[in-house]
Each structure stands twice: as C-alpha cells, then as structure tokens.
Amino acid sequence: MINRLAGLVLFATVFRITASAQVTDTLTLTLPQAEQQFLQRNIPLLTQRYSIDSAKAGVITAKLYDNPQVTFENVLYNHTTRKWFDFSYAGQNSLQAEQLFKLAGKRNKAVKLAQSGVKMSEYQFYDLLRTLRFSLHDNFYDLYYKEQSLETFASQIAFLQTVVSVFTAQQAQGNIAPKEIVRIKSMLYDLQHDHLQLQQEIRETQSDLALLMRVPPGTVIRPVLPEGVGDKPMALEYSFQSLLDTARVNRYDLKIAQETVNYNHLNVRLQKSMAVPDLQLGVSYDKQGNFERNYNGLSVSMPLPFFNRNQGNIKTAQAALESSKLQLEGQEDELAHEVMNSLQQALQTEKLVREFDPGFENEYTTMMNEVEKNFRLHNIGLLEFIDLYDAYRNNVLKMNELKYDRLHALESLNYTTGTPVFHP
C-alpha cells in the first residue's frame, strides 16, 4: 500500500513538472511596449540600417583620389657582363611614376551622387519603418478585439454545454422533446465551429505580431488597450488639405521619389563630365637606355575624345531623369488619393460609431444575462432564446469589428500622412 501511494505521488509530481514545462509563455503588453520591442528587435529594420552604412561607405570611396602608379624595369640578362638581373654600373634599369588627375569636377560630382544615395537609403529605412509600424499597430488592435470576441464565444459555449447536459438528462426522463435537443446541439456546434475559426485567425495574427517583435514561437501575446481608446472623434479635427500638406512633408516614399530625381540629375552631370578626358602626369628615370645616361623625363598624356565622348551613358542618364520626373508626378497624385481615401474611411467609421448609443452594449449584455436566467427557469421558449442568443452574438461581434475598423481607419491616417496624427 505504501509503495502504491509513493508511486502515485511520484507520478503526480512528474505529471505536474511535465505539464508546467508545456505551459506556453504569455506576453502581456501595451502598444508602446510592443513598439519599443519592435524597434529593438525587428530584423528588416536592423537589416536596412546596414544598407545605410553601406551607402555611407560609398561616399568614402567617392572621395578617394586615384593611387599613383609606379613602374620599375631592370635588365633580365646583360649580354655584355653576362649577368642575370645586373644592378651594377653597367646594368640597365628604369623607373616611372604616374598620377591620374580627373578633370571637369568628376570627383566632386561622384561624391554628391554618393551622398544622394545615402539620403535615399535613409528614406527607405524610414519608409520601411512607417509600413512595419502600421502593420504592428493594426495587428495589435485586430488581436485585441478578436480576443474580446473569443471570450464571448467561450462564455456562450460554456453556457450551451450546460444547457445540453441538462436537456439530455431531462430527455432521458421524457420531459424534453428530441427536436429541442437537436436545436440546442446545432447551435452549440455552430458556435464551436465559429470559435475554432476565430482561434485560427488569432493564431495567424499572433504569428504576425511575433515576427514583427521577434518573439519566440509559441508565445501568447495579450494586448492591453487603455480605457476609452479612440473614443474621441479624431478625423473631424483635420481637413483634407492639412493632411495632404502633412503627408507631403513626412511621407518618405515621396521623398525617395524626389531624391531619385535629384540623383538622376547629378548622374547626368557626372556622365557629361566623363566626356572630358582625364590628365595623366608622370616622371621617369632611365639609367642608360636613352640618348644619354641617367635620363630624367616628364610625361603628359590625355586621350583625345574623337570617338568616345560617353554619348550612350549620357543619353541613358537623361532618360532616367525624365522617367523619374514622371514617377514623382505619379507619386504625388497617388499620395493625394491615399490621403483622401483614408480620411473618408475615418470619417465614415466615426459617423457610424457616433450613431450607436454608448450604453447600448452594456444594456444588451445585462438583458442577455436575464435571458439566460429566464431560459433556465423556462420562462421563455427555445425558439425565442435561440433568436435572442444569435442576435446578441452577432451584436458583440459587429461591435468589436466596428471598434477595430475605427482604430484601423485612424491608423491608416497615420500611415498615409507619414506621421502619428492619431495617438491612442
């Protein structure tokens, strides 16, 4: 008997240890905490920072001067002295040093072009930050309200499971018709199916958030929102023109398009300067291979631009410049439409939210508690209960969707303007 008790205690201990090892970590955090973790750990952001460093290294390269070239020549075999590599007085050797000088400001133009490339890399980083931050906020809100809906499903499923158990016992006593059991079970299975689908959606949103914040797989993220978040009508405070002006100043994809025009303009100037030949100066020494012993000379060389004047590269650069100008115009048009659409979306969702009675949700929940109570007491029929229960579930889901849609619309304003005009 003692051995059996000891075995049971050991089994229970091992079971508790195994169960505790399988418990998934839960990460409860607010949106500012999630954003801080995202800024510190997000892989695409960290990668883009290295692109900026790489572009800055290009500026260093552009500032460097060409290295001088030194050529030394010595006789391989002296037939007079019959010596290999003769470095004696009778031997022959020569030395030449040359330096290339770039003309027409090629070096300065190349430096400015590289500096423009640095700006574009920085703008790309901030535009990526804008996109990923919107994804973080949107998934955060989406997860929060889906979990609110999941709680509603869970409470309704638990209640219906209790009802099914009671009805099954009553049916065995002949007090409940079989069709009532079928209706309740059908409603329960429908809820469980929707509950399972919602759980899958939550897992996908959890995974997206985990990747953005670089959270270990399996971690359950529990978002926390402050009371009354987004209750204030934000979109009404801004006009289309003010939002458009804000976007023109803060949208980094527009700045990339503007800097691309500048980059191509600088490239045209650089390619035109490449048509000017460079100058190469050199000094030489020849021990005894010239008209006099210990000859010293100065050389100047420059290619004559008779055929190649860099015509092809100049035309290519000019075509790229005109193309980037058109792309900039298209980007500006697209920006205006994005701001208008996001503003209209925000205004529509705010209008719909204002049409709802603030106390309606609490009153509906209180009423449903009374419905459950009266259904247990058989004061209302099964069909009426099912209708009310379906209406309540749909109301809760739609309200959570509407709250998310409103925050999504406000975050879209932040995204399209490139700056947080809306603060949760």
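Residues numbered from 1 in each chain as written. Predicted model: local features only at pLDDT ≥ 70, side-chain atom pairs only at ≥ 80, totals over all residues. Heavy atoms only, no water.

Taken as a whole and assessed by the stated rule, the structure comprises eight aromatic pairs. Ring centres of Phe134 and Tyr415 lie 4.9 Å apart, and the angle between their planes is 35°; this geometry places the pair in the tilted category. Taken together, the residues Phe134 in helix 4 (residues 106-172) and Tyr415 in helix 10 (residues 382-417) connect sequence positions 281 residues apart. The buried category is assigned to Phe134, whose relative accessible area is 17%. Pairing Phe140 with Tyr141 gives two aromatic rings, centres 6.4 Å apart and planes at 80°, and the pair type is edge-to-face. Each member of the aromatic cluster is reached from another via a ring pair, and the members are Tyr123, Phe125, Tyr126 and Tyr252. Lying over the aromatic face of Tyr65, Arg107 brings its terminal NZ or CZ to 4.2 Å of the ring centre. For the cation-ring pair, Lys255 lies above Tyr252, with the distance from its terminal atom to the ring centre recorded as 4.5 Å. (Phe/Tyr/Trp six-rings, centres within 6.5 Å; stacked < 30°, edge-to-face > 60°. Helix = DSSP H or I, 4+ residues; strand = E, 2+ residues; numbered from the N terminus. Buried < 20%, exposed > 50% of the residue type's maximum accessible area, 1.4 Å probe, protein only. Lys NZ or Arg CZ within 6 Å of the ring centre and 35° of its normal.)

Overall, the coordinates contain 16 salt bridges when judged by the stated rule. Glu201 is the partner of Lys146 in a salt bridge, and the nearest nitrogen-oxygen pair spans 3.7 Å. On the criterion of sequence distance, the pair formed by Lys146 in helix 4 and Glu201 in helix 5 (residues 178-213) is long-range, its members being 55 residues apart. A salt bridge links Glu401 to Lys398; the nearest nitrogen and oxygen atoms lie 4.0 Å apart. Pair noted here: Glu401 and Lys398 are both in helix 10, with a separation of three residues, about one helical turn. (Salt bridge = Lys/Arg side-chain N within 4 Å of Asp/Glu carboxyl O.)

Ranked by internal contacts, the top residues of the largest apolar core, which has 71 residues, are Phe375 and Phe385. Ranked by residues supplied to this core, first place goes to helix 4 with 17 residues. In contact with Phe385, other than residues within four places in its own chain, are Phe159, Leu160, Ile184, Val371, Phe375 and Ile380. Val59, Ala62, Val111 and Val118 belong to the second largest nonpolar core, which has six residues in total. (Core = buried A, V, L, I, M, F, W, Y, C linked by side-chain atoms within 4.5 Å. Contact = heavy atoms within 4.5 Å.)

A few words on the packing of helix 2 (residues 31-41) against helix 3 (residues 43-63). Close contact between helix 2 and helix 3 brings their axes to 6 Å; oriented N to C, the two are set at 45°. The angle between the axes of helix 2 and helix 3 places the two elements in the oblique class. Counting all contacts with helix 2, which are made through Phe38, Leu39, Gln40 and Arg41, the residues of helix 3 involved are Ile43, Leu45, Leu46 and Arg49. (Axes fitted to C-alpha atoms, helices over the stretch in contact; angles between N-to-C directions. Parallel < 35°, antiparallel > 145°, perpendicular 65-115°, else oblique.)

Remember that the coordinates give geometry; whether it matters functionally is a separate question.
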